[in-house]
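This is what each chain is made of:
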Amino acid sequence: MNLYLRYFDRETLVASVDEAIDFLCSIPEVGMNAELENDIREYVDSPVYFPKRYKVRPRVYFIIIKTEAANMNDFKNKKALRPGNTNGAPANGAQQSPAMKLGEQRPGWYEGELDFKRVVLIPSTGKHEYRDTQFVAQCKAMSAQDCYNRIVEHLKARVDSRSQFPSAKGKSFRYKYLGAWKEQ
């Protein structure tokens with residue numbers, strides 16, 4: 001494992017804690033001391049892969065990032081930020097992100113629920129206003145993203161064109177996979 005360190009425009013990729021401490025000692029503003037050195041060593045020895053920032057003075061920090069990148073170019077191209085694993089799951093044990101699940105191909109029936117801003121006419125004044133509207137539909141789709149696209153396409157053909165539809169990735173779109181459809 002390597003360490004990436006940055007303080008303003010000064011940055012380095014080092015292979016050991018001692019090299020990282022030498023780099024920080026070369027920057028007088030950091031004020032390297034025994035307490036800071038011990039904290040850096042504890043961070044490097046811990047299983048935590050989140051970047052760590054250290055305060056130099058108010059609103060001024062330096063950061064340390066653990067990486068598996070072999071050189072600065074690999075790090076800059078966002079290669080090997082976390083150690084790889086063999087089972088295909090994320091390295092930190094987290095579930096797949098909701099945005100990634102949207103595009104996952106899983107043909108079947110979906111129930112999609114969409115909260116959107118619908119333009120409606122107020123008869124007494126003759127003016128239009130936006131109203132929060134919830135729409136729920138069950139449809140055949142190839143993925144959750146396809147379900148969202150079908151719902152929005154359906155609504156656009158039936159409501160005022162000035163109505164506003166949220167992103168599928170936001171909290172205003174929810175879906176449930178109901179099961180595979182039966183082939184006839």
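Residues numbered from 1 in each chain as written. Predicted model: local features only at pLDDT ≥ 70, side-chain atom pairs only at ≥ 80, totals over all residues. Heavy atoms only, no water.

A. Expanded view of the overall build of the chain. Of the regular secondary structure elements, the chain holds 5 helices and 7 strands. In the chain, the succession of α and β elements from N to C terminus is β-β-α-α-β-β-α-α-β-β-α-β. Looking at the chain residue by residue over its 184 residues, the buried ones come to 30%. The long-range fraction of contacts in the chain, counting pairs at least 24 apart against all pairs at least 6 apart in sequence, stands at 52%. (Helix = DSSP H or I, 4+ residues; strand = E, 2+ residues; numbered from the N terminus. Buried < 20%, exposed > 50% of the residue type's maximum accessible area, 1.4 Å probe, protein only. Contact = heavy atoms within 4.5 Å.)

B. Examining the sheet that holds strand E5 (residues 108-122) more closely. With antiparallel pairing, 3 strands are arranged side by side in an open sheet as E6-E5-E7. At either end of the open sheet lies a strand with only one pairing partner, and these are strand E6 (127-141) and strand E7 (173-179). Across the sheet, the mean angle separating the axes of adjacent strands is 25 degrees when strand polarity is ignored. Here E5 runs beside E6; their pairing, made up of 15 bridges, is antiparallel. When the bridges of E6 are listed, Trp109 appears paired with Lys140. Where helix H5 (residues 144-156) meets the sheet, its contacts fall on E5, E6 and E7, and the angle it forms with E6 comes to roughly 135 degrees. (Pairing = 2+ DSSP bridges. Axes fitted to C-alpha atoms, helices over the stretch in contact; angles between N-to-C directions.)

C. Fine view of the environment of Phe50. Position of Phe50 relative to the elements: it lies in the loop between helix H2 (34-45) and strand E3 (52-57). Sequence separation of Phe50 and Ile65 is 15 residues, and the distance between their C-alpha atoms is 7.1 Å.

D. Structural view of the confidence of the model for the chain. With 88% of its residues at a pLDDT of 70 or more, the chain has an overall mean of 86. Note that residues 83-94 has pLDDT below 50 and, in this model, 8 contacts with residues that lie over four places away or in other chains. (pLDDT = per-residue confidence, 0-100.)

E. The sheet that holds strand E1 (residues 2-7), seen in detail. Ordered in space as E2-E1-E4-E3, the 4 strands form an open sheet in which the pairing is antiparallel. Strand pairing shows two members of the sheet lacking a second neighbour, strand E2 (10-14) and E3, which therefore form its edges. Neighbour to neighbour, the strand axes of the sheet diverge by 15 degrees on average, direction disregarded. Pairing analysis gives 5 bridges linking E3 to strand E4 (residues 60-67), with the strands arranged antiparallel. Across the sheet, residue Tyr54 finds its bridge partner in E4, namely Phe62. Seen against the sheet, H2 touches E1, E3 and E4 and runs at an angle of roughly 30 degrees to E4.

F. The arrangement of the pattern of salt bridges in detail. Here the structure, examined in full by the defined rule, presents 11 salt bridges. The residue Arg41 makes a salt bridge to Asp18 at a minimum N-O spacing of 2.7 Å. Within this pair, whereas Arg41 is found in helix H2, its partner Asp18 is found in helix H1 (residues 17-25), the two being separated by 23 residues in sequence. Given the relative accessible area of 28%, Arg41 is considered partly exposed. Between Asp39 and Lys52 there is a salt bridge; the shortest N-O distance is 3.7 Å. Here Asp39, found in helix H2, pairs with Lys52, found in strand E3; they are 13 residues apart in sequence, far enough to count as distant. One salt-bridge network, held together by shared partners, links Asp18, Glu37 and Arg41. (Salt bridge = Lys/Arg side-chain N within 4 Å of Asp/Glu carboxyl O.)

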